[in-house]
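Residues per chain are reported as follows:
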Amino acid sequence: MIDMFQAIGITDIRQLVAATMVFLMLPGPGTFCVLTCTGQHGLRGGFASLAGLMLGDAVLMFLAAVGVAALLKANPLLFQGMQYLGAAYLAYLGFKLLVAKGGEGGAIVPFSNAADFRRGFLVTLINPKAIVFYMAFFPLFIDPAHHQGSLTFLAMGGVISSCTLFYGSLLVLLGNAAARRLARNRRIATFASKAAGVFLIGFGIKLTTN
(Lines give C-alpha, C1' and ligand atoms only; values in the text may rest on other atoms or scores of the structure.)
Protein backbone atom coordinates (compact mmCIF):
# COMPACT_ATOMS: atom_id res chain seq x y z
CA MET A 1 0.00 0.00 0.00
CA ILE A 2 2.78 2.43 0.92
CA ASP A 3 4.64 1.59 -2.30
CA MET A 4 1.51 2.37 -4.28
CA PHE A 5 1.33 5.89 -2.87
CA GLN A 6 5.05 6.38 -3.43
CA ALA A 7 4.64 5.31 -7.05
CA ILE A 8 2.23 8.20 -7.71
CA GLY A 9 4.45 10.77 -6.04
CA ILE A 10 3.29 10.86 -2.40
CA THR A 11 6.49 10.78 -0.37
CA ASP A 12 5.27 9.59 3.04
CA ILE A 13 1.66 8.52 3.46
CA ARG A 14 2.10 7.92 7.19
CA GLN A 15 3.25 11.47 7.81
CA LEU A 16 0.42 12.75 5.62
CA VAL A 17 -2.14 10.91 7.76
CA ALA A 18 -0.48 12.02 11.01
CA ALA A 19 -0.28 15.67 9.94
CA THR A 20 -3.91 15.61 8.78
CA MET A 21 -5.12 14.15 12.08
CA VAL A 22 -3.20 16.76 14.06
CA PHE A 23 -4.75 19.50 11.93
CA LEU A 24 -8.25 18.05 12.42
CA MET A 25 -7.84 17.86 16.19
CA LEU A 26 -7.12 21.58 16.46
CA PRO A 27 -10.42 23.19 17.56
CA GLY A 28 -11.94 25.22 14.75
CA PRO A 29 -15.26 26.39 13.27
CA GLY A 30 -15.86 23.02 11.61
CA THR A 31 -15.50 21.15 14.89
CA PHE A 32 -17.96 23.39 16.68
CA CYS A 33 -20.35 23.28 13.72
CA VAL A 34 -20.48 19.47 13.79
CA LEU A 35 -20.89 19.38 17.56
CA THR A 36 -23.60 22.06 17.48
CA CYS A 37 -25.62 20.30 14.76
CA THR A 38 -25.24 17.02 16.65
CA GLY A 39 -26.40 18.60 19.89
CA GLN A 40 -29.43 20.19 18.24
CA HIS A 41 -30.54 17.46 15.83
CA GLY A 42 -28.86 14.24 16.96
CA LEU A 43 -26.90 11.81 14.81
CA ARG A 44 -28.64 12.72 11.56
CA GLY A 45 -27.88 16.41 12.02
CA GLY A 46 -24.30 15.70 12.98
CA PHE A 47 -23.56 13.44 10.04
CA ALA A 48 -25.37 15.81 7.67
CA SER A 49 -23.15 18.70 8.78
CA LEU A 50 -20.09 16.43 8.50
CA ALA A 51 -21.07 15.57 4.92
CA GLY A 52 -21.38 19.27 4.13
CA LEU A 53 -18.03 19.94 5.75
CA MET A 54 -16.37 17.21 3.70
CA LEU A 55 -17.90 18.51 0.47
CA GLY A 56 -16.65 21.99 1.33
CA ASP A 57 -13.18 20.56 1.98
CA ALA A 58 -13.25 18.77 -1.37
CA VAL A 59 -14.09 22.03 -3.15
CA LEU A 60 -11.30 23.88 -1.34
CA MET A 61 -8.78 21.15 -2.11
CA PHE A 62 -9.74 21.31 -5.78
CA LEU A 63 -9.43 25.08 -5.83
CA ALA A 64 -6.07 24.90 -4.09
CA ALA A 65 -4.86 22.30 -6.58
CA VAL A 66 -5.65 24.52 -9.55
CA GLY A 67 -3.96 27.54 -8.03
CA VAL A 68 -6.76 29.63 -6.56
CA ALA A 69 -4.62 30.16 -3.45
CA ALA A 70 -2.11 32.03 -5.59
CA LEU A 71 -4.93 34.27 -6.82
CA LEU A 72 -6.00 35.04 -3.27
CA LYS A 73 -2.45 35.86 -2.23
CA ALA A 74 -2.04 38.13 -5.25
CA ASN A 75 -5.29 39.97 -4.44
CA PRO A 76 -5.30 40.96 -0.75
CA LEU A 77 -8.59 42.84 -1.15
CA LEU A 78 -10.38 39.72 -2.41
CA PHE A 79 -8.81 37.64 0.35
CA GLN A 80 -9.89 40.16 2.99
CA GLY A 81 -13.40 40.29 1.54
CA MET A 82 -13.75 36.52 1.88
CA GLN A 83 -12.42 36.74 5.43
CA TYR A 84 -15.10 39.22 6.42
CA LEU A 85 -17.76 37.12 4.71
CA GLY A 86 -16.64 34.10 6.71
CA ALA A 87 -16.54 36.12 9.92
CA ALA A 88 -20.05 37.42 9.32
CA TYR A 89 -21.48 33.94 8.77
CA LEU A 90 -19.79 32.49 11.86
CA ALA A 91 -21.00 35.44 13.93
CA TYR A 92 -24.52 34.87 12.58
CA LEU A 93 -24.46 31.21 13.65
CA GLY A 94 -23.08 32.15 17.05
CA PHE A 95 -25.67 34.90 17.52
CA LYS A 96 -28.50 32.45 16.77
CA LEU A 97 -27.21 30.18 19.53
CA LEU A 98 -26.88 33.07 21.98
CA VAL A 99 -30.46 34.27 21.46
CA ALA A 100 -32.03 30.80 21.31
CA LYS A 101 -34.55 30.15 24.07
CA GLY A 102 -33.61 27.69 26.79
CA GLY A 103 -34.33 24.09 25.94
CA GLU A 104 -34.45 24.57 22.17
CA GLY A 105 -31.26 22.60 21.65
CA GLY A 106 -32.67 19.51 23.32
CA ALA A 107 -36.13 19.65 21.78
CA ILE A 108 -37.36 17.27 19.15
CA VAL A 109 -37.03 19.04 15.82
CA PRO A 110 -38.27 18.28 12.31
CA PHE A 111 -36.01 16.57 9.81
CA SER A 112 -33.49 19.30 8.98
CA ASN A 113 -30.54 17.51 7.42
CA ALA A 114 -30.52 19.90 4.46
CA ALA A 115 -29.99 22.88 6.77
CA ASP A 116 -27.27 21.08 8.73
CA PHE A 117 -25.59 19.99 5.49
CA ARG A 118 -25.67 23.57 4.22
CA ARG A 119 -24.28 24.89 7.50
CA GLY A 120 -21.31 22.51 7.44
CA PHE A 121 -20.67 23.26 3.77
CA LEU A 122 -20.72 27.04 4.17
CA VAL A 123 -18.66 27.12 7.36
CA THR A 124 -15.91 25.28 5.47
CA LEU A 125 -16.26 26.93 2.09
CA ILE A 126 -16.11 30.55 3.22
CA ASN A 127 -12.84 30.11 5.10
CA PRO A 128 -10.23 31.34 2.56
CA LYS A 129 -7.36 30.39 4.85
CA ALA A 130 -8.18 26.73 4.25
CA ILE A 131 -7.36 27.18 0.56
CA VAL A 132 -3.99 28.72 1.42
CA PHE A 133 -3.40 25.91 3.92
CA TYR A 134 -3.97 23.22 1.31
CA MET A 135 -1.81 25.09 -1.19
CA ALA A 136 1.05 25.02 1.33
CA PHE A 137 0.22 21.56 2.67
CA PHE A 138 0.16 19.56 -0.57
CA PRO A 139 3.76 20.23 -1.71
CA LEU A 140 5.16 18.91 1.57
CA PHE A 141 4.22 15.36 0.60
CA ILE A 142 4.76 15.40 -3.17
CA ASP A 143 7.80 13.96 -4.93
CA PRO A 144 8.27 16.03 -8.13
CA ALA A 145 10.09 13.15 -9.81
CA HIS A 146 7.10 10.81 -9.51
CA HIS A 147 4.22 13.27 -9.46
CA GLN A 148 1.27 12.06 -11.53
CA GLY A 149 -0.69 15.29 -11.77
CA SER A 150 -4.39 14.98 -11.01
CA LEU A 151 -4.02 11.39 -9.82
CA THR A 152 -1.62 12.45 -7.06
CA PHE A 153 -3.91 15.25 -5.88
CA LEU A 154 -6.95 12.95 -5.99
CA ALA A 155 -5.12 10.37 -3.86
CA MET A 156 -4.07 13.00 -1.33
CA GLY A 157 -7.58 14.40 -1.26
CA GLY A 158 -8.96 10.92 -0.69
CA VAL A 159 -6.61 10.36 2.25
CA ILE A 160 -7.52 13.71 3.83
CA SER A 161 -11.25 13.06 3.31
CA SER A 162 -10.94 9.62 4.91
CA CYS A 163 -9.24 11.14 7.95
CA THR A 164 -11.96 13.78 8.15
CA LEU A 165 -14.70 11.12 7.98
CA PHE A 166 -13.04 9.09 10.75
CA TYR A 167 -12.46 12.01 13.10
CA GLY A 168 -15.76 13.68 12.28
CA SER A 169 -17.66 10.47 12.98
CA LEU A 170 -16.04 10.30 16.42
CA LEU A 171 -17.14 13.87 17.06
CA VAL A 172 -20.71 13.07 16.06
CA LEU A 173 -20.95 9.90 18.15
CA LEU A 174 -19.35 11.47 21.23
CA GLY A 175 -21.27 14.69 20.74
CA ASN A 176 -24.58 12.85 20.49
CA ALA A 177 -23.87 10.96 23.71
CA ALA A 178 -22.96 14.20 25.47
CA ALA A 179 -26.06 15.95 24.11
CA ARG A 180 -28.35 13.27 25.55
CA ARG A 181 -26.84 13.78 28.99
CA LEU A 182 -27.02 17.53 28.70
CA ALA A 183 -30.69 17.30 27.73
CA ARG A 184 -31.45 16.06 31.25
CA ASN A 185 -30.20 19.33 32.71
CA ARG A 186 -31.59 22.40 30.91
CA ARG A 187 -29.24 24.80 32.66
CA ILE A 188 -26.16 22.90 31.52
CA ALA A 189 -27.63 22.48 28.03
CA THR A 190 -28.36 26.20 27.78
CA PHE A 191 -24.88 27.08 29.02
CA ALA A 192 -23.28 24.70 26.49
CA SER A 193 -25.33 26.24 23.68
CA LYS A 194 -24.35 29.78 24.70
CA ALA A 195 -20.70 28.74 25.01
CA ALA A 196 -20.78 27.28 21.49
CA GLY A 197 -22.23 30.57 20.26
CA VAL A 198 -19.43 32.55 21.90
CA PHE A 199 -16.83 30.22 20.39
CA LEU A 200 -18.30 30.62 16.89
CA ILE A 201 -18.31 34.41 17.20
CA GLY A 202 -14.75 34.26 18.55
CA PHE A 203 -13.54 32.23 15.59
CA GLY A 204 -15.21 34.70 13.26
CA ILE A 205 -13.32 37.57 14.89
CA LYS A 206 -10.08 35.58 14.84
CA LEU A 207 -10.53 34.95 11.13
CA THR A 208 -10.30 38.68 10.42
CA THR A 209 -7.55 39.59 12.87
CA ASN A 210 -4.87 36.95 12.16
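Residues numbered from 1 in each chain as written. Predicted model: local features only at pLDDT ≥ 70, side-chain atom pairs only at ≥ 80, totals over all residues. Heavy atoms only, no water.

Visitor: Talk me through the overall build of the protein chain; I want residue IDs and the actual numbers.
Guide: Each helix and strand in the protein chain was counted, giving nine helices and zero strands. Ordered by position in the sequence, the α and β elements of the protein chain form the string α-α-α-α-α-α-α-α-α. Burial statistics for the protein chain: of 210 residues in total, 39% are counted as buried. Taking as baseline every contact in the protein chain between residues at least 6 positions apart, the subset at least 24 positions apart corresponds to 87%. Surface summary for the protein chain: the accessible area is close to 11,500 Å², and the carbon and sulfur share equals 70%. (Helix = DSSP H or I, 4+ residues; strand = E, 2+ residues; numbered from the N terminus. Buried < 20%, exposed > 50% of the residue type's maximum accessible area, 1.4 Å probe, protein only. Contact = heavy atoms within 4.5 Å. Areas by Shrake-Rupley, 256 points an atom, 1.4 Å probe, with all protein chains shown as cover.)

Visitor: Summarise helix α2 (residues 13–25); cite the residues concerned and give the values.
Guide: End to end, α2 covers 18 Å across 13 residues, agreeing with the expected 18 Å (1.5 Å per residue, within 8%). Restricting attention to buried positions, one finds in α2 the residues I13, L16, T20, M21 and L24. The arc that holds the buried residues of α2, viewed along the axis, is 130°, so those residues lie on one side. Sitting at the amino-terminal end of α2 is D12, which places a side-chain oxygen 3.1 Å from the backbone nitrogen of R14. (Expected span 1.5 Å × (residues − 1). Arc of directions from axis to C-beta. Polar contact = N/O pair within 3.5 Å; in protein donor to acceptor, adjacent residues only side chain to side chain.)

Visitor: An account of empty space enclosed by the protein is needed here, citing residue identities and associated values.
Guide: Scanning all chains against the criterion turns up one cavity of 30 Å³ or more. Approximately 50 Å³ is the volume found for the largest cavity. As for the largest cavity, its lining consists of T20, F23, L24, D57, F133, Y134, F137 and I160. Among the secondary structure elements, those contributing two or more residues to the lining of the largest cavity are α2 and α7 (128–137). (1 Å grid on protein atoms, 1.4 Å probe; cavity = no way out; pocket = protein on both sides within 12 Å on 5 of 7 lines; lining within 4 Å. Points joined across faces, edges and corners; volume = space filled by probe spheres on them.)

Visitor: Requested: an account of the nonpolar core, with residues and values cited.
Guide: Of all hydrophobic cores here, the largest spans 27 residues; its most connected members are F5, I10, L16, Y134, F138 and M156. Secondary structure elements with two or more residues in this core: α2, α3 (29–65), α7 and α8 (150–182). No other element matches α8, which puts eight residues into this core. Non-local contacts of F138, meaning those with residues more than four positions away in its chain, are made with M61, F153, M156 and I160. Counting 11 residues, the second largest nonpolar core, distinct from the first, contains F32, L90, L93 and A196. (Core = buried A, V, L, I, M, F, W, Y, C linked by side-chain atoms within 4.5 Å.)

Visitor: Hey, could you go over the UniProt feature "transmembrane region" (unreviewed entry) in the protein chain for me, with residue numbers and the actual values?
Guide: Look at the UniProt record and you will see "transmembrane region" (unreviewed entry) annotated at residues 16–35, 47–72, 78–99, 120–142, 154–176 and 188–205. Counting secondary structure, residues 154–176 comes out at 100% helix and 0% strand; the distance between its end C-alpha atoms is 32 Å. (UniProt positions renumbered as here; feature names shortened; annotations may be inferred.)

Visitor: Explain a nonpolar patch on the surface residue by residue, including any values.
Guide: Side chains of F95, L98, V99 and V198 sit close together on the surface and give an oily, nonpolar patch of about 360 Å² of accessible area. Here the nonpolar patch takes three residues from helix α5 (residues 76–99), the largest share from any one element. Tracing the backbone through its elements, the reader meets V99 in helix α5. (Patch = residues over 30% accessible without salt bridge, like charges linked within 9 Å, V, L, I, M, F, W, Y side chains within 5 Å. Salt bridge = Lys/Arg side-chain N within 4 Å of Asp/Glu carboxyl O.)

Visitor: Let's hear about the state of the cysteines: which residues, and what values?
Guide: Tallying each qualifying case throughout the model produces zero disulfides. The structure places no disulfide on C37, whose sulfur is separated from the nearest cysteine sulfur, that of C33, by 4.3 Å. What makes C37 buried here is its relative accessible area of 0%. (Disulfide = S-S within 2.5 Å.)

Visitor: Break down the side chain of D116 for me, with residues and values.
Guide: Relative to the helices and strands, D116 is located in helix α6 (residues 113–125). Despite its burial, D116 pairs with no opposite charge, the nearest such side chain being R119 at 4.7 Å. Within the structure, the side chain of D116 is placed 2.7 Å from the side chain of H41, a separation counted as a polar contact. (Lys, Arg positive; Asp, Glu negative; His and termini not counted.)

Visitor: Could you give an account of α3, naming the residues involved and the relevant values?
Guide: With 37 residues, α3 should reach 54 Å at 1.5 Å per residue; the first-to-last C-alpha distance of 23 Å falls well below that figure. Along α3, the helix axis deviates most sharply at H41, where the bend reaches about 150°. (Bend = angle between axes of the 7 residues up to and from the residue.)

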